[in-house]
Amino acid sequence: MAVEELQSVIMRCQILEEHDFKEEDFGIFQLAGQRCIEEGHIEQLLEITQNEKNKIIIKTMGWNLVGPVVRCLLLKNEDDKRKYYFLMLDLLVKLCNPKELLLGLLELIEEPSGKQISQIILLLLQPLQTVIQKLHNNKAYSVGLALSTLWSQLSLLPVPYSKEQMQTDDYGLCQCCKALIEFAKPFVEEVINDKENKENEKEKLKDELLKFCFKSLKCPLLTAQFLEQSEEAGNDPLRCFASEIIGFLSAIGYPFPKIIFNHGRKKRTWDYLEFEEEEDRQLADSVASLAYLVFVQGISIDQLPMVLSPSYLLQFNMGHIDVFLQRTEESVLSKGLELLENGLLRIEDNSLLYQYLEIKSFLTVPQGLVKVMTLCPIESLRKKSLAMLQLYINKLDSQGKYTLFRIMASLNLLRYLVIKDDENDNQTGLWTELGKIENNFLKPLHMGLNMSKAHYEAEIKNSHVQKSKDLCSVTVGGEEIPNMPPEMQLKVLHSALFTFDLIESVLARVEELIEIKTKSTSEENVGIK
């Protein structure tokens, strides 16, 4: 019945011009064709599709059959007619309107969830590539739309963390990454080799490919773990994917040194596309991921100029390390620590000039290390963070060590170091700089706390006097904060006093620990004599 219905609408349309096809003809064609597929009449449908007389009808209406064909391919894995479904899909891709097909294929890619995501992507990447290559107008837009859709779906898949997970590849992410590279290659080659395209269109295509590379550096590569054994590097699918992505960047005119060393500058010397605000925030993750792949994994590191000094490289990587340490995922924190270690091991002890601490990241990174040391639930990362902080301090010159102990969130760090680092060991150089720390940090902090407490206590008294007023203001650090009701003002002031009391108690504890440690060391030295 379905075949007869389909043949009936086709016979009626064969004598019409394309612009004379009616909406009801489209509906009947789609329903009858779908029933033919579902009822297993795929061979008859193939004959109808291959008939030269039906070429215009298939070109205009046939894209509606792609969805039913694809669903059958996903469901009927063992069907003896499977080869006919593949032939049907190939024919539709060859004959149908490419613009309609593109939208239809992308809708199909967006539909599934879970393990079906990779199944449908692997099935449709080749047809999708063929369809885009047939488009001549707005190709860059079509490539960007396809890559964005594919990446959005792939980003939903869990990233494998172990060798076993990579080998089993339950969700198909590794297979999809490999296939995605093959999908993108012709468009990368088009940017490199095509002399005929208008320069404007070529630049648009470069922008879309650059976007895709940056997105891939963030997901899956930011959280991906890589196999440690160098001999297995070639068998690591995610490392191979990373290598190809970095290769794409170079091929389209964005070699990694150009990206890493210019990211974050107010005035960049490389002209990448203007990202939206959300994408600009994601860009920091992508460039940090790129820095890790190059400096720790050694991918394309031969592109790096050999004249760059270790301190220069560390300077640019500290911002990327800071990005890693702001995250909470184990694999991402681990990468930040590895990148920091990689940079510090290239530098001689006591040689990192204190002026580097004028760069924001040289202070925020040690703060990030303290945060990992105190808050991270994973013991191995806490220990690694401590080791990296000690290594970092060892690399600073004398003035740098003192400065670091002073612009940091210092009291908690100081308390931690006093507990962990004995005066005889002095691994961090803390005890060498103790005199400066006491005179230039602890004593001024005492004075500042006393003055601040007196100021806030006076404000509390004043606020009681002003209770008759609906609104009042508070001046902090010379700046007036917005008006607030008296009750809210009192809460703020009392909260500040409570904070000062907490700081005072930590300060007292730090001084007590210093006294205990120095007294203990003195007694030991007397005993030795």
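Residues numbered from 1 in each chain as written. Predicted model: local features only at pLDDT ≥ 70, side-chain atom pairs only at ≥ 80, totals over all residues. Heavy atoms only, no water.

1. Here we look at the overall build of the chain
In step 1: Helices and strands together make up the secondary structure of the chain, namely 23 helices and two strands.
In step 2: Counting only residues that meet the buried cut, the chain has 48% of its 529 residues in that class.
In step 3: The long-range share in the chain, meaning contacts at least 24 apart out of those at least 6 apart in sequence, stands at 72%.
In step 4: Of the accessible surface of the chain, which amounts to about 27,400 Å², a share of 50% is contributed by carbon and sulfur atoms. (Helix = DSSP H or I, 4+ residues; strand = E, 2+ residues; numbered from the N terminus. Buried < 20%, exposed > 50% of the residue type's maximum accessible area, 1.4 Å probe, protein only. Contact = heavy atoms within 4.5 Å. Areas by Shrake-Rupley, 256 points an atom, 1.4 Å probe, with all protein chains shown as cover.)

2. Topic: the nonpolar core
In step 1: Ranked by size, the top nonpolar core spans 163 residues in total, and within it L128 and F183 carry the most contacts.
In step 2: Of the residues forming this core, the biggest block, 11 residues, is contributed by helix α11 (residues 173–193).
In step 3: Not counting chain neighbours up to four residues away, the residues in contact with F183 comprise L125, L128, Q129, I132, A146, L147 and L150. (Core = buried A, V, L, I, M, F, W, Y, C linked by side-chain atoms within 4.5 Å.)

3. Re the packing of aromatic side chains
In step 1: Applying the stated criterion across every chain, the model contains five aromatic pairs.
In step 2: With 6.4 Å between their ring centres and 75 degrees between their planes, Y292 and F324 make a pair best called edge-to-face. Residue Y292 is found in helix α15 (residues 277–295), and its partner F324 is found in helix α16 (residues 310–325); the two are separated by 32 residues along the sequence.
In step 3: Taking the relative accessible area as the measure of exposure, F324 reaches 0% and is therefore buried.
In step 4: The structure contains a cluster of three or more aromatic residues connected by ring pairs, namely F226, Y292 and F324.
In step 5: The ring of Y171 carries the charged tip of K115 above its face, separated from the ring centre by 5.5 Å. (Phe/Tyr/Trp six-rings, centres within 6.5 Å; stacked < 30°, edge-to-face > 60°. Lys NZ or Arg CZ within 6 Å of the ring centre and 35° of its normal.)

4. Looking at the side chain of K335
In step 1: As for its placement among the helices and strands, K335 is situated in helix α17 (residues 330–344).
In step 2: Summary of buried charges: K335 has no salt-bridge partner, and the nearest side chain of opposite charge, E338, is 7.7 Å away.
In step 3: Every residue in contact with K335, bar those within four places of it in the chain, is listed here: L221, L222, T223, A224, F226, Y292 and F324. (Lys, Arg positive; Asp, Glu negative; His and termini not counted. Salt bridge = Lys/Arg side-chain N within 4 Å of Asp/Glu carboxyl O.)

5. Side note on the pattern of salt bridges
In step 1: Under the criterion given, the structure shown has 16 salt bridges.
In step 2: Between E39 and R35 there is a salt bridge, with its nearest N and O atoms 3.6 Å apart.
In step 3: Where R509 meets E512, a salt bridge forms, and the shortest distance between an N and an O atom there is 3.4 Å. Of the two residues, R509 and E512 are both situated in helix α23 (residues 486–528); the distance of three residues between them amounts to about one turn of the helix.
In step 4: Look at E512 and you get partly exposed, because its relative accessible area is 40%.

6. Some points on helix α9 (residues 139–154)
In step 1: Over its 16 residues, α9 runs 22 Å from end to end, which matches the ideal 22 Å to within 8%, given 1.5 Å per residue.
In step 2: Burial of α9 is extensive: 12 of the 16 residues sit out of reach of the surface.
In step 3: What α9 keeps buried is the set K139, A140, S142, V143, G144, A146, L147, T149, L150, W151, Q153 and L154.
In step 4: Here the buried face of α9 lies against α7 (98–110), α8 (116–134), α11 and α12 (199–218). (Expected span 1.5 Å × (residues − 1).)

7. Some thoughts on α17
In step 1: The first and last C-alpha atoms of α17 sit 21 Å apart over 15 residues, in line with the 21 Å expected at 1.5 Å per residue.
In step 2: The buried fraction of α17 is high, at 11 of 15 residues.
In step 3: Of the residues making up α17, those classed as buried are S331, V332, L333, S334, K335, G336, L337, L339, L340, G343 and L344.

8. Considering the packing of α7 against α9
In step 1: Where α7 contacts α9, the two axes come as close as 10 Å, and the packing angle between them is 10 degrees. Here α9 runs roughly parallel to α7, going by the angle between their axes. Where α7 approaches α9, its residues L102, L103, L106, I109 and E110 are matched on the opposing element by S142, L145, A146, T149, L150 and Q153.
In step 2: When the residues that make up the contact of α7 with α9 are grouped by side-chain class, the tally is seven nonpolar, three polar and one charged. (Axes fitted to C-alpha atoms, helices over the stretch in contact; angles between N-to-C directions. Parallel < 35°, antiparallel > 145°, perpendicular 65-115°, else oblique. Nonpolar A, V, L, I, M, F, W, Y, C, P; charged D, E, K, R; others polar.)

9. Quick notes on the confidence of the model for the chain
In step 1: Confidence in the prediction for the chain averages 83 pLDDT; 84% of positions are at 70 or higher.
In step 2: The secondary-structure element of the chain with the lowest mean pLDDT is strand β1 (residues 472–476), recorded at 51, while α17 shows the highest, at 97.
In step 3: Throughout residues 266–270 the model reports pLDDT below 50, and contacts reaching past four residues in sequence, or to other chains, amount to 10 contacts. (pLDDT = per-residue confidence, 0-100.)

10. A few points about unusual backbone geometry
In step 1: Along the chain, C219 connects to P220 via a cis peptide bond; the corresponding omega equals 15 degrees.
In step 2: Positive phi is not limited to glycine here, since D169 has a value of about 45 degrees.
In step 3: Relative to the elements of secondary structure, D169 occurs in the loop between α10 (163–168) and α11.
In step 4: One non-glycine residue, S300, adopts positive backbone phi at about 60 degrees.

11. A closer look at the environment of R35
In step 1: Along the chain, R35 turns up in helix α2 (residues 23–38).
In step 2: When the C-alpha positions of R35 and E5 are compared, they lie 9.9 Å apart, and in sequence the two are 30 residues distant.

12. Points about the environment of S380
In step 1: Considering the arrangement of structural elements, one finds S380 in helix α19 (residues 379–395).
In step 2: Remark: the alpha-carbon pair of S380 and S334, spanning 46 residues in sequence, is separated by 9.5 Å.

13. What to know about the packing of helix α1 (residues 2–14) against α2
In step 1: Direction vectors running N to C along α1 and α2 enclose 145 degrees, while the axes themselves pass 8 Å from each other. Crossing geometry of α1 relative to α2 is assigned as left-handed. Residue-level contacts link A2, V3, E5, L6, V9, I10, R12 and C13 of α1 to D25, I28, F29, A32, G33, R35 and C36 of α2.
In step 2: For the contact of α1 with α2, the class distribution of residues is 10 nonpolar, one polar and four charged. (Left-handed = near helix turned anticlockwise from the far one by under 90°.)

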